Each structure stands twice: as C-alpha cells, then as structure tokens.
Amino acid sequence: MFTVSVCSLKGGVGKTSVTLGLASAALHQGVNMLVIDLDPQGDSTLGLLGEPGASPDVADVIASPRTETVDRAIRPTPWSASASSHLDVLPGSHRSSMVDSPAPAAKELRRLREALGRRTYEYDLVLIDCPPSLNGLTQMALAASHRSLVVSEPGFFAVTAADRALKLTREMREDGLAPDLEPLGIVVNRYRPRSVEHQYRLAELRDLFGDLVLSPVIEERVGLQQAQGGAVPLHEYEGASGPRLTADFDALLQTVLAARPQG
Ligand SMILES: Nc1ncnc2c1ncn2[C@@H]1O[C@H](COP(=O)(O)OP(=O)(O)O)[C@@H](O)[C@H]1O
Ligand SMILES: [Mg+2]
C-alpha cells in the first residue's frame with residue numbers, strides 16, 4: 001500500500017482540490033483508493049460524500065487505533081457506486097482539531113500510522129488530505145506516509161511555504177518519526193499561463209526545486225469549482241474545461257503512482 005500526504009503550510013492553495021481530482025482519476029483508471037480527511041474543516045469528506053461524515057471518523061481512529069474502529073470508520077463513497085474500483089473515505093470533522101497540537105509527542109504522532117497498519121482492506125493508494133498547517137495533525141499524516149505531496153500556488157510566498165513543508169519532510173525522516181518518508185514533489189496549482197507573474201513564479205520554483213516541481217502544473221479553471229460544488233467526480237463533469245482538467249489529473253495520478261517504492 002502506498003500512502004501520500006497532501007500538505008501545505010497554508011490553506012486555500014488546493015490540497016483538497018488536488019486530492020479530489022486524483023480520486024476522480026483513480027476511479028477512472030481502476031486504482032483502488034482511500035482518502036483520509038485529516039483537515040478539521042472536513043472539505044474532502046463533504047466533496048466525496050455530498051454531506052458531512054458521521055461518527056466514527058478519523059478522530060475516533062486516532063483516539064483508538066484498533067482494527068474494529070478503523071474498519072467501521074472507513075466507508076464507500078457514492079462516487080464509486082457504479083465503478084469497478086473502490087474509492088473509500090475515512091471521514092474527518094472538527095473533532096480532529098481536538099487532537100491537533102503544535103508539538104505532539106512521538107507516541108501521538110504514530111497513531112495514524114498504527115491505525116492504517118490495522119485496517120483490513122488493501123488499497124493501491126491512500127491520500128491524506130491535511131489541514132492548512134504543519135502542526136501535529138500534518139505531522140501525524142507524514143509519520144504514516146511514504147511520500148509528501150506539497151501543493152503550492154505560483155505566488156510570492158510559495159517558495160518559503162514549499163521550503164518549510166519539504167524541510168519538515170526531511171526532519172521527520174531524520175528524527176526517525178517518519179522512517180519511510182520522502183518528498184514526492186510540489187504540485188503547482190491555480191496556474192494562469194497568461195499571467196506574467198505566474199510564469200515568473202513557476203520559473204522561480206523550478207529554479208529552486210528542480211525536478212521536485214511536478215508535471216503537469218494544474219491550471220486555474222472554473223470547471224474544477226463547479227464539479228466540486230456538485231460533489232461529482234471531475235470525470236463526470238460535462239463543462240467545457242472538463243477534458244483538460246481530467247487529462248491533467250490523469251497525468252498527475254501517473255506521476256504519483258510512479259513514485260511508489262519498488263518491491
Ligand atoms: N485549479 C483550480 N482552479 C480553480 N479553482 C481552484 C483550483 N484549485 C482550487 N480551487 C478553488 O480554490 C479554493 C481553495 O481550494 P482547496 O482545494 O479547498 O484548498 P485547500 O484544501 O488547500 O484549503 C476552492 O474554492 C477551490 O474550488
Ligand atoms: Mg482543504
């Protein structure tokens with residue numbers, strides 16, 4: 001099983017959008033996937049279920065990492081109702097903020113990792129949609145992950161924010177808190193190709209982070225918001241920008257899966 005944390009220092013950059021776009025691509029490509037919603041705001045839960053989650057959710061799993069709790073908390077999404085592969089969600093809610101702390105103990109950080117080790121079903125890919133900070137919950141996600149996927153907008157603060165997230169990835173590995181963790185890379189989101197500022201910022205990110213800046217870059221498109229508003233997978237969205245969006249997320253999923261550790 002391959003687990004990836006989708007994280008960033010700040011909110012509104014597109015972590016949930018990237019998670020949901022990749023989930024839609026996974027369904028389309030027959031990849032069995034689990035989304036873990038670790039953001040207390042519960043956006044990916046709402047996006048995938050069309051309604052807020054119910055107890056038990058990820059907060060219960062963290063409080064009590066037992067097989068029974070994990071298996072009960074994970075549920076199928078309506079997105080996968082008529083699909084050949086599984087798309088499940090481990091829902092999140094404001095309750096997970098109660099277990100967030102800026103400096104968690106090593107024992108707490110291992111809780112999600114322990115819980116995932118105890119679930120019954122094997123997925124091809126697990127994506128953890130993280131809260132907009134690098135605090136305890138995100139560290140808990142990283143401790144359970146093989147790779148970190150940093151989402152960034154092509155803006156003035158992007159370099160520092162991406163740098164902090166990548167630094168945390170390295171530190172957690174070096175401290176032994178996330179023994180399997182390596183950076184997968186940076187997804188640049190909400191890119192406007194005609195904006196000179198965006199071109200400049202993208203070039204700057206590529207200069208500094210090289211191959212860690214992943215391809216494809218995801219452009220800003222209203223279709224993405226419309227699909228989210230309807231709680232439907234991008235691949236079912238019929239607006240004009242649908243084909244470009246699905247092509248981008250299909251390619252991004254391939255980039256993510258290519259980073260799976262061998263063996
Ligand atoms: N590529 C994009 N094109 C258009 N709108 C986007 C794009 N990515 C994100 N958004 C919008 O930006 C807002 C914040 O995105 P979201 O995924 O919720 O960020 P985060 O999870 O990092 O807080 C949402 O309203 C989302 O629909
Ligand atoms: Mg979000």
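Below, the structure is looked at part by part. Since the model is a prediction, treat every value here as computed from it, not as a measurement.

Some points on the environment of leucine 20
For leucine 20, the position within the fold is in helix α1 (residues 15-28). Separated by 211 residues in sequence, leucine 20 and alanine 231 place their C-alpha atoms 9.7 Å apart. Not counting the four nearest positions on each side in its chain, leucine 20 is found in contact with Ser44, Gly47 and Gln228.

As for helix α6 (residues 111-118)
Taken residue by residue, α6 has Leu112, Arg113, Ala115 and Leu116 as its buried positions. The arc that holds the buried residues of α6, viewed along the axis, is 165 degrees, so those residues lie on one side. Looking at the packing, one finds that the buried side of α6 touches β1 (2-7), α3 (58-63), α4 (67-73), β5 (125-129) and α7 (136-143).

A few points about the sheet that holds strand β2 (residues 33-37)
Read from one edge of the open sheet, 7 strands run β3-β4-β2-β5-β1-β6-β7, paired in mixed fashion. Strand pairing shows two members of the sheet lacking a second neighbour, β3 (75-76) and β7 (182-188), which therefore form its edges. Across 6 bridges, the pairing between strand β6 (residues 147-152) and β7 is parallel. Considered in β7, the bridge of arginine 147 is made with glutamate 182.

Overview of the packing of α7 against helix α8 (residues 158-174)
Where α7 contacts α8, the two axes come as close as 11 Å, and the packing angle between them is 60 degrees. The orientation of α7 with respect to α8, classified from their angle, is oblique. Where α7 crosses over α8, the handedness of that crossing is right-handed. Seen from α7, the contacting residues are Gln139, Leu142 and Ala143; seen from α8, they are Leu168, Thr169 and Met172. Class assignment for the residues of the contact of α7 with α8 results in 4 nonpolar, 2 polar and no charged.

Reading guide: rules and limits
Residues numbered from 1 in each chain as written. Chains lettered and ligands numbered in written order. Predicted model: local features only at pLDDT ≥ 70, side-chain atom pairs only at ≥ 80, totals over all residues. Helix = DSSP H or I, 4+ residues; strand = E, 2+ residues; numbered from the N terminus. Contact = placed C-beta atoms within 7 Å. Buried ≥ 20, exposed ≤ 12 C-beta atoms within 10 Å, placed from the backbone. Arc of directions from axis to C-beta. Pairing = 2+ DSSP bridges. Axes fitted to C-alpha atoms, helices over the stretch in contact; angles between N-to-C directions. Parallel < 35°, antiparallel > 145°, perpendicular 65-115°, else oblique. Left-handed = near helix turned anticlockwise from the far one by under 90°. Nonpolar A, V, L, I, M, F, W, Y, C, P; charged D, E, K, R; others polar.

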